[in-house]
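# Observations on chain architecture
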Amino acid sequence: MRETKELKVKYFVADLEELCCVPGSDWVDLRAAEDLSLKAGEFRLVPLGVAIALPEGYEAHVAPRSSTFKNYGLLQANSMGIVDGSYRGDGDQWRWPAYATRDVEIPKNTRLCQFRIVENQPPLMFTRVDRLDSPDRGGFGSTGK
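In this report, the structure presented in the accompanying data block is examined.

How each quantity is defined
- Residues numbered from 1 in each chain as written.
- Predicted model: local features only at pLDDT ≥ 70, side-chain atom pairs only at ≥ 80, totals over all residues.
- Heavy atoms only, no water.
- Helix = DSSP H or I, 4+ residues; strand = E, 2+ residues; numbered from the N terminus.
- Rg over C-alpha atoms; globule rule 2.2 N^0.38 Å.
- Buried < 20%, exposed > 50% of the residue type's maximum accessible area, 1.4 Å probe, protein only.
- Contact = heavy atoms within 4.5 Å.
- Lys, Arg positive; Asp, Glu negative; His and termini not counted.
- Charge placed at Lys NZ, Arg CZ, Asp CG, Glu CD.
- Pairing = 2+ DSSP bridges.
- Axes fitted to C-alpha atoms, helices over the stretch in contact; angles between N-to-C directions.
- Patch = residues over 30% accessible without salt bridge, like charges linked within 9 Å, V, L, I, M, F, W, Y side chains within 5 Å.
- Areas by Shrake-Rupley, 256 points an atom, 1.4 Å probe, with all protein chains shown as cover.
- Salt bridge = Lys/Arg side-chain N within 4 Å of Asp/Glu carboxyl O.
- Disulfide = S-S within 2.5 Å.

## Observations regarding the overall build of the chain
Helix and strand content of the chain: one helix and 11 strands. In the chain, the succession of α and β elements from N to C terminus is β-β-β-β-β-β-α-β-β-β-β-β. The C-alpha atoms of the chain give a radius of gyration of 19 Å, which is well past the 15 Å a tight globule of 145 residues would have. Principal axes of the C-alpha set define a box for the chain whose edges measure 55 × 40 × 30 Å. Here the chain holds 145 residues, and 33% of them are scored as buried. Of the contacts made within the chain by residues no fewer than 6 positions apart, 77% connect residues no fewer than 24 positions apart. For the chain, the separation between the mean place of its 19 positive charges and that of its 21 negative charges on side chains is 5 Å.

## Remarks on the sheet that holds strand S7 (residues 74-76)
Reading across from one edge, S4-S9-S7 is the order of the three strands in this open sheet, with antiparallel pairing throughout. The open sheet has two free edges, formed respectively by strand S4 (43-47) and S7, since each of these has just one partner strand. Between one strand and the next, the sheet's axes are offset by a mean angle of 40°, whatever the strand orientation.

## Some thoughts on the pairing of strand S9 (residues 95-100)
As defined by bridge partners, S4 adjoins S9 across five bridges and the pair is classed as antiparallel. The residue bridging Leu45 from the neighbouring strand is Pro97, located in S9. Relative to S9, S7 runs antiparallel, the two being bridged by three bridges. Paired with Leu74 across the bridge in S9 is Ala100.

## Some thoughts on the sheet that holds strand S8 (residues 81-83)
On the basis of which strands lie adjacent, the open sheet formed by four strands has the order S2-S11-S6-S8 and antiparallel pairing. With partners counted over all chains shown, the strands left at the sheet margins are strand S2 (28-31) and S8, one partner each. On average, each strand axis in the sheet is inclined to that of its neighbour by 35°, with strand direction left out of account. Examined bridge by bridge, strand S6 (residues 58-64) and strand S11 (residues 111-119) share seven bridges and lie antiparallel to one another. Note on S11: the bridge partner recorded for Val62 is Phe115.

## Remarks on a nonpolar patch on the surface
Together, Phe43, Leu45, Phe69, Leu75 and Tyr99 make up an exposed nonpolar region whose accessible area comes to about 460 Å². If you trace the backbone, Leu75 turns up in strand S7. Judged by relative accessible area, which is 38%, Leu75 ranks as partly exposed.

## Overview of a negative patch on the surface
A cluster of acidic side chains, namely Glu34, Asp35, Asp103 and Glu105, defines a negative patch on the protein surface. By the element assignment, Asp35 lies in the loop between S2 and strand S3 (36-38).

## Things to note about the state of the cysteines
Taken as a whole and judged by the stated rule, the model has zero disulfides. Residue Cys20 stays outside any disulfide, its sulfur separated by 7.1 Å from that of Cys21, the closest cysteine.

Here you go:
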């Protein structure tokens, strides 16, 4: 069994639903901390109402929920969100960079995105070589033909 990690969470909004782990999922939902109204083509850093002290040696990966685009027409503007372990101060509220593809109203507490924590990668050393020992796979985009 894996060791349980404690994450200290500061809530910026009193009536924001608290974070919880759903059995069977490694991802934790994050919610809009306020009512939002976005127009098509508008970008907004959506406040998520939490600051989290990640465990030492971990970072958080943030991605949209699978239904976010279908239900709200929102895209995550930076493609992949990374919250590094140093973003842990009392005022470091997490935000989600949203781009609206259509006019949309989003009520407070709507689950828009999700996160999981990932252990930081070990130190890397790069060595220049003339050849790699593995067989070629056919180049970029070659699988699934």
